[in-house]
Amino acid sequence: MKKNLLVVLISLFCLLGFVSCGNKLPGPDEFGFYNDMDSAKAAAKKTGKNILLYITMGGFDDESEMFTTEVLHSDEYKTAFSEKYVSVHFDFGAEAYTKSEPSHFNTEEEKKAASEYNRQITKNISLARVLDLQYTPVVFLMNRDGYAFADEEYSEAFVSVETLSALISEYEADFDILQEMVDDTKKGTPSEKMEKINKIYQLVEDKYVPTYTSLFKSVVQIDKKNESGLTSYLYFVYVMEESKKYSMAGDYASAINVFREAAQGNVLEGEEKQQAFYMAGQMMIMAGSNDYAGVLNFFNAAIQAAPETELAETTRQVVTQITNLLSASEDK
């Protein structure tokens, strides 16, 4: 097993942006594994199956290559798992690096294929990043929507299809419970649906929340009149995760824009609007921006959004500090 995997991944692969490989979703490979989560979710929803996401780094850890060859790519795996699960395999190993680097190829067609593969790897890394990947091999357990609720790192259970199947079978009831909860969010009044979504948010571990962004984004359409009083609160979960997707990749401009658009929109209210303005200003500082007027505008807008909160008082102090520093700089 290997620590600090994201550092290794980002240093190896030339990240080309958050785009998929063309408009047509790629199908499964020769072993029946998907390499694209959107494709896997489409297949899972069509068949009513759950999803198993395996992440390996063949050649960069001690177990991935063996696990992939002897377990995942075996006929026994297909027999044991294909009936109930859509299997996804993200490999960030040496072979993936070779296939994704255009300079390793001679013809334009080969280089184009490598660039497209790199885009897919980039997309997959963005998911691995928000899942806080630390070790490989690892398997994430998800429902048909791609909502994760558990993961298992490499152990003795990974050495054979039989032991792996026994491990996954321990979660059968959990798969059913999660799916039932998700299905319930489609029933009842807008307020009842929102309460059920909030229940999921309260129960899911923080590290899996990034996989639920589509659910939290949907609250705007579910409760258009905010009858539940939860729309701002739950939509801000989506805003935070969407911004984190960019900030963790070092794209602070996009992260700031997510907060700015949400803060200036008509969905967030009160403390959530305040937090969005505040985070936009904080992101500008983290990015090393010299646009002090822009930072102060965000912070002042945060104060105005909810003047009586603790964050408002903290923000006032920050504004005072920045103003004093700028005044001192002008005097010098």
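In case you missed it, the structure is sitting above this.
Residues numbered from 1 in each chain as written. Predicted model: local features only at pLDDT ≥ 70, side-chain atom pairs only at ≥ 80, totals over all residues. Heavy atoms only, no water.

(A) Region of the structure containing helix α9 (residues 190-203). In this model, α9 (14 residues) spans 20 Å end to end at C-alpha, consistent with the 20 Å of a helix rising 1.5 Å per residue. Met 194, Ile 197, Asn 198 and Ile 200 are the residues of α9 that are buried. Projected onto a plane normal to the axis of α9, the buried residues spread over an arc of 155° and lie on a single side. Residues of α9 that are exposed and point more than 90 degrees away from the buried face comprise Lys 199 and Leu 203. Taken together, the buried residues of α9 touch α8 (172-184), α10 (213-217), α11 (219-222) and α12 (231-247). (Helix = DSSP H or I, 4+ residues; strand = E, 2+ residues; numbered from the N terminus. Expected span 1.5 Å × (residues − 1). Buried < 20%, exposed > 50% of the residue type's maximum accessible area, 1.4 Å probe, protein only. Arc of directions from axis to C-beta. Contact = heavy atoms within 4.5 Å.)

(B) Here's a closer look at the nonpolar core. Formed by 93 residues in total, the largest nonpolar core has its most connected members in Leu 52, Leu 53, Tyr 54 and Tyr 212. In this structure, Tyr 212 is in contact with Tyr 147, Ala 148, Phe 149, Leu 178, Ile 200 and Val 204, ignoring residues within four places of it in sequence. (Core = buried A, V, L, I, M, F, W, Y, C linked by side-chain atoms within 4.5 Å.)

(C) Looking closely at α12. Between its first and last C-alpha atoms α12 spans 24 Å; for 17 residues at 1.5 Å apiece the expected length is 24 Å, and the two agree. With 13 of its 17 residues buried, α12 lies for the most part within the structure.

(D) Layout of the environment of Phe 67. Within the fold, Phe 67 resides in helix α3 (residues 64-72). Spatially, the C-alpha atom of Phe 67 lies 9.3 Å from that of Tyr 154, the residues being 87 residues apart in sequence. Once you skip the residues sitting within four places of it in the chain, Phe 67 turns out to touch Tyr 54, Thr 56, Leu 72, Pro 137, Phe 158 and Leu 164.

(E) Inspection of the layout of surface pockets at higher detail. One number sums up the size of the largest pocket: a volume of about 760 Å³. If you trace the largest pocket, you find 26 residues lining it, with Asp 29, Asp 91, Glu 95, Lys 99 and Tyr 117 closest to the centre. Among the elements of the structure, α3, β2 (85-91), α5 (94-100) and α6 (108-130) are those that each provide at least two residues to the lining of the largest pocket. Of the residues belonging to the lining of the largest pocket, the class tally is ten nonpolar, nine polar and seven charged. (1 Å grid on protein atoms, 1.4 Å probe; cavity = no way out; pocket = protein on both sides within 12 Å on 5 of 7 lines; lining within 4 Å. Points joined across faces, edges and corners; volume = space filled by probe spheres on them. Nonpolar A, V, L, I, M, F, W, Y, C, P; charged D, E, K, R; others polar.)

(F) Expanded view of the packing of α8 against α9. Packing of α8 against α9 brings their axes to within 8 Å, and their N-to-C directions diverge by 145°. Regarding α8 and α9, the two cross each other, and that crossing is left-handed. Residue-level inspection shows Met 181, Val 182 and Asp 184 of α8 in contact with α9, the latter providing Lys 196, Lys 199, Ile 200 and Leu 203. (Axes fitted to C-alpha atoms, helices over the stretch in contact; angles between N-to-C directions. Left-handed = near helix turned anticlockwise from the far one by under 90°.)

(G) Spatial organisation of the packing of α12 against helix α13 (residues 252-264). Between α12 and α13, the shortest axis-to-axis distance is 7 Å and the interhelical angle comes to 165°. By the angle between their directions, the pair α12 and α13 is classed as roughly antiparallel. As for the relative orientation of α12 and α13, their crossing is right-handed in sense. Residues Phe 236, Val 239, Met 240, Glu 242, Ser 243, Tyr 246 and Ser 247 of α12 lie in contact with α13, whose contacting residues are Tyr 252, Ser 254, Ala 255, Val 258, Phe 259 and Ala 262. Residues that form the contact of α12 with α13 fall into these classes: nine nonpolar, three polar and one charged. (Parallel < 35°, antiparallel > 145°, perpendicular 65-115°, else oblique.)

(H) Highlighting the packing of aromatic side chains. Scanning the model with the defined rule gives 18 aromatic pairs in all. Ring geometry for Phe 90 versus Phe 92: centroids 6.2 Å apart, planes at 55°, classification tilted. In this structure, Phe 90 and Phe 92 share a single accessibility class: buried. Among the aromatic residues, those joined into a ring-pair cluster are Phe 33, Tyr 54, Phe 67, Tyr 77, Phe 81, Tyr 85, Phe 149, Tyr 154, Phe 158, Tyr 171 and Phe 175. (Phe/Tyr/Trp six-rings, centres within 6.5 Å; stacked < 30°, edge-to-face > 60°.)

(I) Representation of the sheet that holds strand β4 (residues 148-153) within the structure. What the four strands build is an open sheet, ordered β2-β1-β3-β4; its pairing is mixed. Pairing within the sheet leaves two strands with one partner each, and these edge strands are β2 and β4. Going from strand to strand, the sheet's axes swing by 20° on average, the running direction of each strand aside. The sheet contact formed by strand β1 (residues 50-56) and β2 spans seven bridges and is parallel. Residue pairing across strands places Tyr 54 opposite His 89, the latter belonging to β2. Against the sheet, helix α2 (residues 37-47) engages β1, β2 and β3 (138-142), with an angle of about 175° to β2. (Pairing = 2+ DSSP bridges.)

(J) Structural context of unusual backbone geometry. Along the chain, Thr 136 connects to Pro 137 via a cis peptide bond; the corresponding omega equals -5°. One can find Pro 137 in the loop between α6 and β3. With a phi angle near 55°, Asp 132 is a residue other than glycine that sits in the positive phi range. The residue Asp 132 is located in the loop between α6 and β3 in this model. By relative accessible area, which is 46% here, Asp 132 ends up partly exposed. The backbone phi angle of Asn 226 is positive, close to 55°, even though this residue is not glycine. As for its position among the elements, Asn 226 is in the loop between α11 and α12.

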